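# A look at the structure
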Amino acid sequence: MESLKEAQSSGNGGIQVSCFSEAINDVTLHFQIIRLCRQIYAWISCNSAKFGNLYAAAPMPPTKNGASVSCMLGGASDNTGTGIARRLVLKTGLHIILACNIPKNSPMLEAEAEKMLIKKLINLGYTKPKSESSSS
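Summary of the structure given here.

The rules behind the values
Residues numbered from 1 in each chain as written. Predicted model: local features only at pLDDT ≥ 70, side-chain atom pairs only at ≥ 80, totals over all residues. Heavy atoms only, no water. Helix = DSSP H or I, 4+ residues; strand = E, 2+ residues; numbered from the N terminus. Buried < 20%, exposed > 50% of the residue type's maximum accessible area, 1.4 Å probe, protein only. Contact = heavy atoms within 4.5 Å. Core = buried A, V, L, I, M, F, W, Y, C linked by side-chain atoms within 4.5 Å. Patch = residues over 30% accessible without salt bridge, like charges linked within 9 Å, V, L, I, M, F, W, Y side chains within 5 Å. Areas by Shrake-Rupley, 256 points an atom, 1.4 Å probe, with all protein chains shown as cover. Salt bridge = Lys/Arg side-chain N within 4 Å of Asp/Glu carboxyl O. Pairing = 2+ DSSP bridges. Expected span 1.5 Å × (residues − 1).

On to the overall build of the protein chain, then. Looking only at helices and strands, the protein chain has three helices and seven strands in total. Counting from the amino terminus, the protein chain carries its helices and strands in the arrangement β-β-β-β-β-β-α-β-α-α. Expressed as a percentage of its 136 residues, the buried residues of the protein chain come to 38%. At a minimum sequence separation of 6, the contacts of the protein chain that also span at least 24 residues come to 49%.

A few words now on the nonpolar core. Of all hydrophobic cores here, the largest spans 28 residues; its most connected members are L29, F31, I44, L98 and L117. The set of elements that each furnish at least two residues to this core consists of β2 (15–24), β3 (27–36), β4 (39–46), β5 (53–59), α1 (82–92), β7 (95–101) and α2 (107–124). Element by element, the count of residues in this core is highest for α2, at six residues. In contact with I44, other than residues within four places in its own chain, are H30, F31, I84, L98, A99, C100, N101, I102, A113 and L117. By size, the runner-up hydrophobic cluster in this structure holds six residues, among which are V17, I34, Y41 and A99.

With that out of the way, let us pick up a nonpolar patch on the surface. A grouping of F51, M72 and L73 is seen on the molecular surface, where their side chains present a nonpolar patch of about 300 Å² in accessible area. Mapped onto the fold, M72 is located in strand β6 (residues 67–73). Since its relative accessible area comes to 51%, M72 is described here as exposed.

On the secondary structure map, T82 appears in helix α1. Spatially, the C-alpha atoms of T82 and V69 are 6.5 Å apart, while their sequence positions differ by 13 residues. Apart from the residues within four sequence positions on either side, T82 is in contact with Y55 and V69.

Next up on the list: the pairing of β3. Judged from the nine bridges that link them, β2 and β3 form a sheet pairing that is antiparallel. Opposite Q16, over in β3, you have R35 as the bridge partner. What sits between β2 and β3 in their antiparallel hairpin is a turn of two residues, with N25 showing a positive phi close to 50 degrees. As defined by bridge partners, β3 adjoins β4 across eight bridges and the pair is classed as antiparallel.

Another point: α1. Of the positions making up α1, those classed as buried are G83, I84, A85, L88, V89, L90 and T92. G93 lies just past α1 and shows a positive phi near 75 degrees.

Of all seven residues making up β5, five are buried, and the element is well covered by its neighbours. The pairing of β5 with β7 spans five bridges and is classified as antiparallel. Bridge pairing links N53 to C100 in β7. Across six bridges, the pairing between β5 and β6 is antiparallel. In the strand pairing of β6, Y55 is matched with C71.

Bringing α2 into the picture now. In an α-helix, one turn spans 3.6 residues; hence positions three or four apart end up facing the same way. The end-to-end C-alpha separation of α2 is 26 Å, in line with the 26 Å expected for 18 residues at 1.5 Å each. Turning to α2, its buried residues are L109, E110, A113, E114, M116, L117, I118, K120 and L121. One or two residues past the end of α2 sits G125, with phi positive at roughly 80 degrees.

Pasting the structure below:
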């Protein structure tokens, strides 16, 4: 994996933006993370700047210990980003808006994209401490 480009800014009244791209084999994954108050917007795209499907995910009450995910835009049969959005909620404890443009039926690419995104969220300090997220 080779990082192609990275940019960060945080001078927008608490809004933090991070953009980066990673090359895996012959595929380039593009990422954008926007940290807002109590929520994260994340965009993942494969080989283009296309928006893709849009998912909204929210933490459930502590007694339920889970996440609720809904597809806001895009095909109902393509659930590529549903699992990623759910696991991001469990890792961060925050509301997640995820735009995902990863080809359908590409589980290895989806797993790599999720791994890179979570690694970046950890580096940015956006995840819960291990003791809080160990139940996921």
